Structure formats: structure tokens, C-alpha cells
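Reading the structure
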Amino acid sequence: GAELFGVGEADADIEIVELLSETLTKLGIDEFHIDLGHMGIFRGLADQAGLDDNARADLMAAITSKSAPDVAQQCVDYAIADSTSALLVRMADCSGEAGELSALASDFANGPTNVAKAYRNLAEICQRLKKRLPAARIYFDLASLSGHSYHTGLVFAVYIPGYGRAIANGGR
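Predicted, not measured: the structure shown is a model, and the values here were computed from it.

Orientation of helix H2 (residues 39-49) relative to helix H3 (residues 53-64), taken along the N-to-C sense of each, is 135°, at an axis distance of 11 Å. It follows that H2 is oblique to H3 by the angle criterion. By crossing handedness, the relation of H2 to H3 is classed as right-handed. Of the residues in H3, those in contact with Met39, Phe42, Arg43, Ala46 and Asp47 of H2 are Arg56, Leu59, Met60 and Ile63. In terms of residue class, the contact of H2 with H3 is made up of six nonpolar, no polar and three charged.

Below, the structure written as C-alpha cells:
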């Protein structure tokens, strides 16, 4: 494990992911990809919807299962406003190569202020990591929230071919 205290900027998140990448390479793990997400997007939307802890947990589980119909149904069940509901449903199927994250700007960068800020933070981190680790396979996954309820910002998971679970994960 590694922890970095006292730095709140994207630089800290980038440094941790770079250290993780370097560690894996030194261990002889050359073929891996890194999924990046951001808890601030989910937290901002859940705050906007006024959800209690139980509703947040239910909605987070539906999003991490990548089931847009289940997310949509929960949004109806919890009477979440259409604009917030649309973004929560979108989270369930928003993933791809880091360079494709900019295509979501019209959705998330124009959302509630704290959601837009989290989206811009994730986009900046993705962009900077692609430049600093050009050979790395870096992806984003807005549904990557599982097991990270205590995180407040960037979350990440590392996957290798032939193994169905993350070999490393963490976040802010």
C-alpha cells in the first residue's frame, strides 16, 4: 500500500497512479490496464438528489453492476429529478479509453457545480496520465465505485488479462 498526505491537487493522484504503474512494471507485470473513476461525480449527484445513506448504497450497487435499467428504476423509486436521474443512468454505461472522456463534457461538465468539478478533475488526470505514461493502457469507468464508499475523489483499479478481478485498487 501507499498513502500520500497533505496534497489535494491532481498532482497527488497522478503520482500515486504513476508509482503503481512503476511498481507493477518492476514486478514484471507489463500487460495491464488502469481504470479511473471519480467518487465526486456520484457523491455530487447523490447530494443533488438528497439521498440518504441507504438510498446511496442501493444506487451505488446498481451503478457498479452497470445495469442502466436498474439505475433508472431506482431513480423513479427515489423520485430523483430527471436531469439528475439522466446523469446517474449515464454513469452505469460510461467507460472507455481515457481520450474518449471528453465526449462526456456536455453531460457532466454542465451538471451541478460539484459534479462538473469532479468531472474536470478526472478529465485532467486522464489527460495528464496519458502524456506521462504514453505506453500505459488507461481507461475511465464512471461505474467504478465498488468498495470505495469512503473515497471522495479519484478511484482506480488495475486489471491484467486472464484474471477477472482487479489486482490493485485505491483512490483518494
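Below, the discussion takes up the pattern of salt bridges. Using the criterion set out here, one finds seven salt bridges in the structure. Between Asp11 and Arg128 there is a salt bridge, with its nearest N and O atoms 2.3 Å apart. With Asp11 in helix H1 (residues 10-26) and Arg128 in helix H7 (residues 113-132), this pair connects stretches of sequence that are 117 residues apart. The salt bridge involving Asp107 is made with Arg90; its shortest N-O contact spans 2.7 Å. Of this pair, Asp107 sits in helix H6 (residues 105-109) while Arg90 sits in helix H5 (residues 82-91), placing them 17 residues apart in sequence. Arg90 sits in the partly exposed class, given a relative accessible area of 31%. One salt-bridge network, in which partners are shared between bridges, spans Asp11, Glu124 and Arg128.

Rules used throughout
Residues numbered from 1 in each chain as written. Predicted model: local features only at pLDDT ≥ 70, side-chain atom pairs only at ≥ 80, totals over all residues. Heavy atoms only, no water. Axes fitted to C-alpha atoms, helices over the stretch in contact; angles between N-to-C directions. Helix = DSSP H or I, 4+ residues; strand = E, 2+ residues; numbered from the N terminus. Parallel < 35°, antiparallel > 145°, perpendicular 65-115°, else oblique. Left-handed = near helix turned anticlockwise from the far one by under 90°. Contact = heavy atoms within 4.5 Å. Nonpolar A, V, L, I, M, F, W, Y, C, P; charged D, E, K, R; others polar. Salt bridge = Lys/Arg side-chain N within 4 Å of Asp/Glu carboxyl O. Buried < 20%, exposed > 50% of the residue type's maximum accessible area, 1.4 Å probe, protein only.

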